[in-house]
Amino acid sequence: MSRTDILEIVDPHLHLWQLSAGQYHWLRPGNAPDWQDKALLQQDYLVSQLELAPSFRLAGLVHIEAGFDNHAPERELAWLAEQHLALPHKAVAFLDCSLALPQVLANLQALLPYQPAGVRHIFEDDDERWLHAPQLEQIAGVLAEHQLVLELQCSLANARNMARIQQLAQQFPELKLVLNHAGLARPEQFPAWQKAVQTLAGQANVAMKLSGFEMLAAGRYSQPDLAWQQQVFAAVLSEWPAERLMLASNFPLCLWQGSYQQLWQRYYQLLTNLGLSSTGWQQLSAGTARAWYGFKTN
């Protein structure tokens, strides 16, 4: 990377929060998840803390819901609007797909005035009930009508999950489905995960965010497993077009394994090692996120 190169980043998966403003039950001591070093997260994280070296430039971000108020998720979007962010930004709101369908649709209507880019329900650990619930198809249809992204956080190594995602993608070809955190890839499940990646390669309306690797350790000063991250990157790049892949930080959870700058430098080095071109890098670091989340192009 020469001194004249500036690498643009549109970070499609980060969390901003202000503990005094919202509920954030998951961040409170004694509440799940029981992570090794949850204490690092128990402070405010705002856009001013997204620090990068001059060779990188943050050109946009997507705030992913952080549990501000799960009973009234529109409050998180209202809080974000009050931050008056100078950077181009989008938001993905919480939508509890486990509620009775009329309530889900009412909650969605309350979100629409804030113009979210999409919605998320963390199906992880509860996927057998809610990812496979029949009403998810009705919810997906409404999201497609409103041109909203449906974020999916669940394990791709589960064959039923993979089949369900494929079914939703085929049933609603106009719906954008985005897999969070590389489909929760884990080393011990790599063959099953890789098979799912290969199966979903042909679904043009399914994208993947490459992020969340720090959650395998979930402790401050834990060391990133560079060989594992490179194995995941190589497996996905061999099957999927760059136009459906995006690098993401999962800030501030990424701080368990170093600074925001170190994360992006690590991504750049790993992908350079794999032979990714500068054009390919910019697609993964900014282009795909711009396209999938509806950023205006200059």
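Residues numbered from 1 in each chain as written. Predicted model: local features only at pLDDT ≥ 70, side-chain atom pairs only at ≥ 80, totals over all residues. Heavy atoms only, no water.

### Let's talk about the packing of helix α2 (residues 101-111) against helix α4 (residues 135-145)
In step 1: Interhelical geometry of α2 versus α4 gives an angle of 20° and a closest axis separation of 11 Å. Between α2 and α4, the crossing angle belongs to the class labelled roughly parallel. Regarding α2 and α4, the two cross each other, and that crossing is right-handed. Residues L101, V104, L105 and L108 of α2 form the contact with α4, whose participating residues are Q135, Q138, I139, V142 and L143. (Axes fitted to C-alpha atoms, helices over the stretch in contact; angles between N-to-C directions. Helix = DSSP H or I, 4+ residues; strand = E, 2+ residues; numbered from the N terminus. Parallel < 35°, antiparallel > 145°, perpendicular 65-115°, else oblique. Left-handed = near helix turned anticlockwise from the far one by under 90°. Contact = heavy atoms within 4.5 Å.)

### Some points on the packing of helix α5 (residues 159-171) against helix α7 (residues 190-200)
In step 1: Taken N-terminus to C-terminus, the directions of α5 and α7 make an angle of 10°; their axes are 10 Å apart at the nearest point. Taken together, the axes of α5 and α7 are roughly parallel relative to one another. Here M162, I165 and Q166 of α5 lie close against α7, whose contacting residues are A196, T199 and L200.
In step 2: For the contact of α5 with α7, the per-class residue count stands at four nonpolar, two polar and no charged. (Nonpolar A, V, L, I, M, F, W, Y, C, P; charged D, E, K, R; others polar.)

### Examining the packing of aromatic side chains
In step 1: The final tally for this structure, using the stated rule, is 16 aromatic pairs.
In step 2: Residues W17 and W26 carry aromatic rings whose centres are separated by 5.5 Å and whose planes lie at 90° to one another, so their mutual orientation is edge-to-face.
In step 3: Seen in terms of ring centroids, Y268 and W281 are 5.2 Å apart; in terms of plane orientation they differ by 85°. Their pairing is edge-to-face. Highlighted residues: Y268 in helix α9 (residues 260-273) and W281 in helix α10 (residues 278-293), separated in sequence by 13 residues. Summarising the burial analysis for this pair, Y268 and W281 share the class buried.
In step 4: Geometry around W240 places R244 over its ring, the cationic atom sitting 4.3 Å from the centre. (Phe/Tyr/Trp six-rings, centres within 6.5 Å; stacked < 30°, edge-to-face > 60°. Buried < 20%, exposed > 50% of the residue type's maximum accessible area, 1.4 Å probe, protein only. Lys NZ or Arg CZ within 6 Å of the ring centre and 35° of its normal.)

### Focus: the pairing of strand β2 (residues 56-64)
In step 1: The buried fraction of β2 is high, at eight of nine residues.
In step 2: Inspection of the sheet shows strand β1 (residues 7-14) paired to β2 by six bridges, in the parallel sense. Across the sheet, residue D11 finds its bridge partner in β2, namely L61.
In step 3: Bridge count for β2 against strand β3 (residues 89-94) is four bridges, and the pairing is parallel. Paired with I64 across the strands is V92, a residue of β3. (Pairing = 2+ DSSP bridges.)

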